[in-house]
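Notes for the structure review
Residues per chain are reported as follows:
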Amino acid sequence: MMRRLLSSTIAASPTISLICRSSHIHRSSAIFCRQMSSTAEDVAMRLKSSGLLRSQGLIAGKWIEAYDKKVIEVTNPATGNVVSTVPCMGAKETNDAISAAYETFSTWSKTTAAERSKCLRKWYDLLIAHKEELGQLITLEQGKPLKEAIGEVAYGASFVEYFSEEAKRMYGDIIPAPLSDRRLLVLKQPVGVVGVITPWNFPLAMITRKVGPALASGCTVVIKPSELTPLTALATAELSIQAGIPPGVVNVVMGNASEIGNSLLASTQVRKITFTGSTAVGKKLMAGAANTVKRVSLELGGNAPCIVFDDADLDVAVKGSLASKFRNSGQTCVCVNRILVQEGIYEKFASAFSKAVEKLQVGDGFVDGVVQGPLINEAAVQKVESFVEDAISKGAKILLGGRRHNLGMTFYEPTVMTDVKSDMLLSREEIFGPVAPLLPFKTEEEAIRMANDTNAGLAAYIFTSNVQRSWRVSEVLEYGIVGVNEGLVSTEVAPFGGFKESGIGREGSKYGMDEYVEVKYVCLGNMNG
Ligand code: SIN
């Protein structure tokens, strides 16, 4: 595939059409890409002039190349074309970033809550002021539709705003003492340097959901964004500098994931790892953190059941399950993975749901009206294909879609499958793509058994008009998040996290702050003197 380097071409010739040079592009995709090229060009130009298209790592407030000058390419998943390059960093750069964060911790952790709060508030204001450009950057490197990408910026910024407020509420306690000459206090103190490892599906919000509370409590951070979407992370870090957050508080390295991860794990100066990503990698990080007894927060894979009972309002159930399933083209940890539908409503639901899915417009995220962007890369599409093949070979049927979209490349048709069974990959594993499997059930007990029959436990959804049932079922579902008659439940004010192998710890809300503080007990003796 012939690719062009967007950022360097801009400098050389701003008027040249910069994307869509792929010789393998499907015809309709090529037409569509021609429509797109000026948009992507404008986006890149605007980003460059606003200083937000950064292509270096950030250590101690300085933008730097990899020490051996190696780079990695960042591609647009909708076209396969190169957007920019970023440094391919490894152990040496990571250790320097850790040292910078460690040194800065001694001053940042001593600032007042009000000072940290002001910095975070300024960062929030800048994120919002630049939400269009940041959204465009997300669409460029991650693929999600522009409106959804701008929505991610607002969502991501909300964590910075929320924790700018929480910084001032890091209260300790005074405990009634068991002896009259004692005074017992509890202090809350920042844990120290935090290694922040983030995924590609929310390149901005997963950073701010972690870095917001870390900075609010007085921690400093070394961020390792996904190598697939580092540009949004760098732009977000640039705005943290513009907000007056001191050099060394926020550091960003990317490149050789295992070298960076191992350096973060090995360092005794790093006191905590926070990670969003696959369960497999989360387990490795947890094991690696044991050596230095670091704290971990893990937000890992899900396998969200969506239970539609006979007594559900059909429109509400279709709207809610559609919104959850197809958010970010099915690439979120809380996306509905399995739709369990009670027999009495199964046919009606399948038909109404498919009609709604059929209307979803697929394409490049920069095109107006598109609500389903590409999957992140070829491997993601192959995984979805293999899950669909597995289901068909075991007797499932395709009601809609079931193959690559005619745009080709990373585009997959929004798909609905029936006759799906609990032993199929679609039911057992996280799909992370736009495929909705429908599984029938007879009774509430059977639905609960099916829903809990997994090692994952992040999010679950219930659709019912019976208030007692909604309460009863919410209580027995082994999940950290339950949506009742609602498919979109994420917000900065509520705790996000999973049971079982879906993770440890909570993000967002007042609970999110606990992840970054140590609790210190101070006993004052001989106080009667
Ligand atoms: C995720 O997919 O990990 C995050 C989704 C969300 O915050 O809603």
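That block above? That's the structure.
Residues numbered from 1 in each chain as written. Predicted model: local features only at pLDDT ≥ 70, side-chain atom pairs only at ≥ 80, totals over all residues. Heavy atoms only, no water.

What follows concerns the overall build of the chain. When helices and strands are counted, the chain shows 17 helices and 20 strands. Referenced to the eigenvectors of the C-alpha coordinate spread, the extents of the chain come out at roughly 80 × 65 × 40 Å. Relative to its 529 residues, the chain shows a buried fraction of 58%. Sequence separation of at least 24 residues holds for 72% of the intrachain contacts in the chain that already meet a minimum separation of 6. Of the roughly 20,900 Å² of accessible surface on the chain, 54% is carried by carbon and sulfur atoms. Where the 56 positive side-chain charges of the chain centre and where its 55 negative ones centre are 3 Å apart. (Helix = DSSP H or I, 4+ residues; strand = E, 2+ residues; numbered from the N terminus. Buried < 20%, exposed > 50% of the residue type's maximum accessible area, 1.4 Å probe, protein only. Contact = heavy atoms within 4.5 Å. Areas by Shrake-Rupley, 256 points an atom, 1.4 Å probe, with all protein chains shown as cover. Lys, Arg positive; Asp, Glu negative; His and termini not counted. Charge placed at Lys NZ, Arg CZ, Asp CG, Glu CD.)

Although it is not a glycine, Phe432 sits at a positive phi angle of roughly 55 degrees. In this structure, Phe432 sits in the loop between helix 14 (425-428) and strand 16 (435-441). We note that Asn526 has phi near 50 degrees; this positive angle belongs to a residue other than glycine. Considering the arrangement of structural elements, one finds Asn526 in the segment after strand 20 (517-524).

Turning our attention to the sheet that holds strand 20. What the three strands build is an open sheet, ordered 5-6-20; its pairing is antiparallel. Each end of this open sheet is capped by a strand with a single partner; those strands are strand 5 (173-175) and strand 20. Across the sheet, the axes of successive neighbouring strands diverge by a mean angle of 25 degrees, strand direction being ignored. Pairing of strand 6 (residues 183-190) with strand 20 involves eight bridges; the strand directions are antiparallel. Bridging across to strand 20, Leu184 finds its partner in Cys523. (Pairing = 2+ DSSP bridges. Axes fitted to C-alpha atoms, helices over the stretch in contact; angles between N-to-C directions.)

This brings us to the layout of surface pockets. By volume, the largest pocket amounts to about 1,000 Å³. Lining the largest pocket are 42 residues, with Gly277, Ser278, Thr279, Ala280 and Val281 positioned closest to its centre. Broken down by secondary-structure element, the contributors of at least two residues to the lining of the largest pocket are helix 9 (257-266), strand 10 (270-276), helix 10 (279-290) and helix 13 (378-393). Looking at the lining of the largest pocket residue by residue, the classes come out as 17 nonpolar, 17 polar and eight charged. (1 Å grid on protein atoms, 1.4 Å probe; cavity = no way out; pocket = protein on both sides within 12 Å on 5 of 7 lines; lining within 4 Å. Points joined across faces, edges and corners; volume = space filled by probe spheres on them. Nonpolar A, V, L, I, M, F, W, Y, C, P; charged D, E, K, R; others polar.)

It is at 8 Å that the axes of helix 6 (residues 146-166) and helix 7 (residues 205-217) come closest, and there the two elements cross at 10 degrees. Between helix 6 and helix 7, the interaxial angle falls into the category roughly parallel. Residues Glu152, Tyr155, Gly156, Ala157, Phe159, Val160 and Phe163 of helix 6 form the contact with helix 7, whose own contacting residues are Ala205, Thr208, Arg209, Gly212, Pro213 and Ala216. In terms of residue class, the contact of helix 6 with helix 7 is built from eight nonpolar, three polar and two charged. (Parallel < 35°, antiparallel > 145°, perpendicular 65-115°, else oblique.)

This part takes up the packing of aromatic side chains. Under the defined criterion, the tally for this structure stands at six aromatic pairs. Ring plane angle 90 degrees and centroid distance 5.8 Å describe the contact between Trp200 and Phe432, whose orientation is recorded as edge-to-face. One end of the pair, Trp200, is in the loop between strand 7 (193-197) and helix 7; the other, Phe432, is in the loop between helix 14 and strand 16, and 232 residues separate them in sequence. For the pair formed by Trp200 and Phe432, the shared burial category is buried. (Phe/Tyr/Trp six-rings, centres within 6.5 Å; stacked < 30°, edge-to-face > 60°.)

Another aspect to go through is empty space enclosed by the protein. Scanning the model with the defined rule gives six cavities of 30 Å³ or more in all. Its volume calculated, the largest cavity comes out at about 90 Å³. Taken together, 13 residues line the largest cavity, and the ones lying closest to its centre are Phe202, Met206, Arg209, Glu299 and Phe496. Broken down by class, the residue content of the lining of the largest cavity amounts to six nonpolar, four polar and three charged. Within this model, the second largest cavity holds a volume of roughly 50 Å³. Every residue lining the second largest cavity is listed: Arg338, Leu340, Ser422, Ser427, Arg428, Leu439, Met450 and Asp453. If you list the elements that add at least two residues to the lining of the second largest cavity, you get strand 13 (336-342) and helix 14. Of the residues belonging to the lining of the second largest cavity, the class tally is three nonpolar, two polar and three charged.

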